[in-house]
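Secondary and tertiary structure notes
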Amino acid sequence: MKKFCAVLAIGMGTAGVAQAESEWEGPYGGVTLAIMSGDNTNEDETPSKFELEGGMIGAFGGYNIFTGRFIAGAEIAILTGAANEEDFEGQYEYTSLTDFKARVGIDDGDLMPYGVIGASFGTFSVDEDGSDVRNFEETETGILVGVGIEYAIDDEFSVGGEFISRIFDFESRPEADLAEVNATVNSFAIRGAYRF
């Protein structure tokens with residue numbers, strides 16, 4: 001009976017160790033391709049909205065910690081390319097986004113659905129031909145929220161999709177006759193990651 005109890009205790013301890021591990025835990029990095037959308041709203045006497053379109057590519061890296069069934073982590077992602085106002089490509093556009101994300105997901109075996117919240121630094125470029133005052137770049141800090149899902153192909157590689165919405169407020173520039181801009185910059189990204 002004592003031998004049986006000892007074997008049972010060892011078995012339960014081994015199972016506990018197995019349950020305390022997750023293939024999602026640890027450092028990871030990867031590349032991403034994003035389709036951009038959203039809008040810029042000029043807050044002048046007659047507010048006007050300009051839809052955003054375009055695409056960006058980028059890279060990301062982060063670290064996940066396993067806490068029971070949940071995965072908690074932090075990630076930095078950098079996107080570059082163009083999210084321009086419709087009909088104003090090359091004149092009014094976001095050229096880069098740097099996202100700092102806190103992630104919380106559910107370990108569902110090979111799948112991990114998750115949510116994110118954090119901060120984003122967005123660089124907006126104005127480049128009007130023949131204008132000295134409407135030729136500049138400005139970086140603003142905003143907030144972001146989003147959701148995503150990852151699928152583990154094997155112990156090292158995963159693919160996934162992620163939707164992020166960012167909110168920025170750019171102050172007016174009277175010298176350039178530009179009103180305050182409230183912006184929503186969205187991205188739907190396809191991601192490929194390697195877990196170290």
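Not measured: the values here are computed from a predicted model.

Turning next to the nonpolar core. Formed by 18 residues in total, the largest nonpolar core has its most connected members in Met36, Met56, Tyr94, Leu97 and Val185. Elements with a contribution of two residues or more to this core: strand E1 (26-42), strand E2 (48-67), strand E3 (70-85), strand E4 (92-106), strand E5 (111-127), strand E7 (157-170) and strand E8 (181-195). Broken down by element, this core gets its largest block of residues, four residues, from E8. With nine residues, the next largest nonpolar core counts Trp24, Ile71, Met112 and Val116 among its residues.

Quick look at the confidence of the model for the protein now. Per-residue confidence for the protein gives a mean pLDDT of 86; residues scoring 70 or more make up 85%. Across residues 1-19, where pLDDT falls below 50, the model places one contact with residues more than four positions away in sequence or in other chains.

With that settled, consider the environment of Val126. Considering the arrangement of structural elements, one finds Val126 in strand E5. Val126 has contacts with Gln91, Tyr92, Arg134, Asn135 and Phe136, leaving out every residue within four places of it along the chain.

Cut-offs used in this document
Residues numbered from 1 in each chain as written. Predicted model: local features only at pLDDT ≥ 70, side-chain atom pairs only at ≥ 80, totals over all residues. Heavy atoms only, no water. Core = buried A, V, L, I, M, F, W, Y, C linked by side-chain atoms within 4.5 Å. Buried < 20%, exposed > 50% of the residue type's maximum accessible area, 1.4 Å probe, protein only. Helix = DSSP H or I, 4+ residues; strand = E, 2+ residues; numbered from the N terminus. pLDDT = per-residue confidence, 0-100. Contact = heavy atoms within 4.5 Å.

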